[in-house]
Amino acid sequence: MTGSRVVALGHYQPAKVLTNEDLAAMVDTSDEWIRSRVGIETRHVAGPDEPVDELAAHAGAKALAAAGLAPADIDLVLVATSTAIDRSPNTAARVAARLGMGSPAVMDLNVVCAGFTHALATADHALRAGSATRALVIGADKMADVTDWSDRTTCVLVGDGAGAAVVEATAPGAEPGIGPVLWGSVPEMGHAVRIEGTPPRFAQEGQSVYRWATTQLPPIARKVCERAGITPEELAAVVLHQANLRIIKPVAQKIGAVNAVIARDVVQSGNTSAASIPMALSKLVERGEIESGDPVLLFGFGGNLSYAGQVIRCP
C-alpha cells in the first residue's frame, strides 16, 4: 500500500484589513477588549465581489506553483468550507474551472473549523487506496458572509481567507508523509457553534467551546502523536485551529510540545474557520520557521464540536 505526503502549500487573504480600531467604530468594543479576550489584532475581509471559490482558487494556484505542477496534474480537488452560498456547482468544481483543470473528482466537505484536517485525511485515504494520484486540498471560508457585524461577541472573531496543500501518493515502501488521522465529534453539543438561519449567521456559546477545547482536546491531540509514532516533544510545530489565542496557548501547553513552534496566525488573521490551519502552516513554511521533513501536528476543532488531527512531514 502506498502512503501520501504534502508536497507544497499556498495561502491567500483578501487585501482589505479590518483593525480592532475599525471595529470599535462599528460596535461597542475596543482594541484592549478584543486583545485581552481573543488575542486578535487584525483580520482580512473579502468584499461582495470576492466569493469563497475565488479565495480558494488563489490559494490553490499558489500551491500548484510551489509544487511545480500544472492544473492538469491534479485528479482530485477537495475543498473544506462552510460558507459557500450556492449548492451547485460546488466550490471544488468552481475552483477546478477557475484553474483550468481537466476532469478531476470534485468534492466539498463541511466540517466547519475542522474541515481542512478532515479533507486532508480524506485525500490521504483516496491516494492510499489508489483512486487518485495527486490531490489539491483547500480550506477556504468567507466568514464575512455569515457574520452579524452588529454583534460584538462574534464580529470581532472572524476573518476571511484560504489555504491549500498539494498532496501526492508516495512510492510503495516509502515512509508516508501524512500520519493516521484521529477524528470524531460531540453531536449532542453541536449547538455550541452554529451557522444557521436565513440569512445564515454565525453564533457560538463561547464558554462551552472554551471549556471543551481546553479540557477535552489535549489528550486527543497526544493520541494523534501516538498514532504517528512520535512523542509531543519531537514535534517541530503545532498548528491548531486558529480560533482564539486564549484557547491555542493552554491547549498547546497541555499537549506537551515543548520544543515546537506554535502557530499564532489568529493574531493577524482572526478565526478563518477551515482556512486557518493550512493558512497558518503555509506562513510558517514561507517564513522558514520549520524545515522540510519536520514533524508537524495539525489539529482542527470547532463546529459540530468536531475534531480531526494528524502529524505530517513538512514539505
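As a starting point, this report considers the structure included with it. (Residues numbered from 1 in each chain as written. Predicted model: local features only at pLDDT ≥ 70, side-chain atom pairs only at ≥ 80, totals over all residues. Heavy atoms only, no water.)

What follows covers the sheet that holds strand β13 (residues 295-301). Strand order across the open sheet formed by five strands is β8-β14-β13-β11-β12, with mixed pairing between neighbours. If you trace the sheet from one side to the other, it starts and ends with β8 (182-185) and β12 (261-262), each paired once. Sheet contacts for helix α5 (residues 115-129): β8, β13 and β14 (306-313); angle to β14, the most-contacted strand, approximately 55°. (Pairing = 2+ DSSP bridges. Helix = DSSP H or I, 4+ residues; strand = E, 2+ residues; numbered from the N terminus. Contact = heavy atoms within 4.5 Å. Axes fitted to C-alpha atoms, helices over the stretch in contact; angles between N-to-C directions.)

With that out of the way, let us pick up the packing of aromatic side chains. Under the defined criterion, the tally for this structure stands at two aromatic pairs. Judged by centre distance (6.5 Å) and plane angle (70°), the rings of W212 and F301 are edge-to-face. Of the two residues, W212 sits in helix α7 (residues 206-228) while F301 sits in strand β13, which places them 89 residues apart along the sequence. On the basis of relative accessibility, which here comes to 8%, the residue W212 falls in the buried class. Between F299 and F301, the aromatic rings sit 6.4 Å apart at their centres with planes inclined by 40°, giving tilted as the arrangement. With respect to class, F299 is no different from F301; both count as buried. Among the aromatic residues, those joined into a ring-pair cluster are W212, F299 and F301. (Phe/Tyr/Trp six-rings, centres within 6.5 Å; stacked < 30°, edge-to-face > 60°. Buried < 20%, exposed > 50% of the residue type's maximum accessible area, 1.4 Å probe, protein only.)

The next thing to look at is the pattern of salt bridges. Pairs may arise between side chains of opposite charge once their charged atoms sit close together. Here the structure, examined in full by the defined rule, presents 12 salt bridges. Across the pair E168 and R5 runs a salt bridge, and its minimum N-O distance is 2.8 Å. Of this pair, E168 sits in strand β7 (residues 160-169) while R5 sits in strand β1 (residues 4-12), and the two are 163 residues apart along the sequence. We classify E168 as buried; its relative accessible area is 15%. (Salt bridge = Lys/Arg side-chain N within 4 Å of Asp/Glu carboxyl O.)

Across the interface, α7 lies against helix α8 (residues 245-255) with an axial gap of 9 Å and an inter-helix angle of 30°. The pairing of α7 with α8 is recorded here as roughly parallel in orientation. Crossing geometry of α7 relative to α8 is assigned as right-handed. The segment α7 lies against α8, with Y210, A213, T214, P218, A221 and R222 engaging R246, I247, P250, V251, K254 and I255. Class assignment for the residues of the contact of α7 with α8 results in eight nonpolar, one polar and three charged. (Parallel < 35°, antiparallel > 145°, perpendicular 65-115°, else oblique. Left-handed = near helix turned anticlockwise from the far one by under 90°. Nonpolar A, V, L, I, M, F, W, Y, C, P; charged D, E, K, R; others polar.)

Below, the discussion takes up the side chain of R43. Among the structural elements, R43 can be located in strand β3 (residues 42-44). Notably, R43 is buried but unbridged: the nearest opposite-charge side chain belongs to D22, and the N-O separation is 7.0 Å. Polar contacts involving the side chain of R43 include one to the side chain of N20, which spans 3.0 Å. (Lys, Arg positive; Asp, Glu negative; His and termini not counted. Polar contact = N/O pair within 3.5 Å; in protein donor to acceptor, adjacent residues only side chain to side chain.)

Here the focus is α8. Residue pairs three or four apart in sequence face the same way in an α-helix, which turns once every 3.6 residues. Regarding α8, the residues found buried are L245, I247, I248, P250, V251, A252 and I255. Next to the buried residues of α8 lie α2 (31-38), α7, β11 (237-240), β12, α9 (266-269) and β13. Between the side-chain oxygen of the N-cap and the backbone nitrogen of R246 there are 2.7 Å, and the N-cap of α8 in question is N244. Positive phi shows up at G256, right after α8, with a value of about 90°.

The next thing to look at is the sheet that holds strand β4 (residues 76-80). Strand order across the open sheet formed by five strands is β1-β7-β6-β4-β5, with mixed pairing between neighbours. At either margin of the open sheet sits one strand with a lone partner, and together these are β1 and β5 (105-109). Geometrically, the sheet is characterised by an average inter-axis angle of 20° between neighbouring strands, direction not taken into account. Judged from the eight bridges that link them, β1 and β7 form a sheet pairing that is antiparallel. By the bridge assignment for β7, Y12 is matched with A162. Sitting on the sheet, helix α4 (residues 91-99) touches β4, β5 and β6 (134-142), and the angle it makes with β5 is about 135°.

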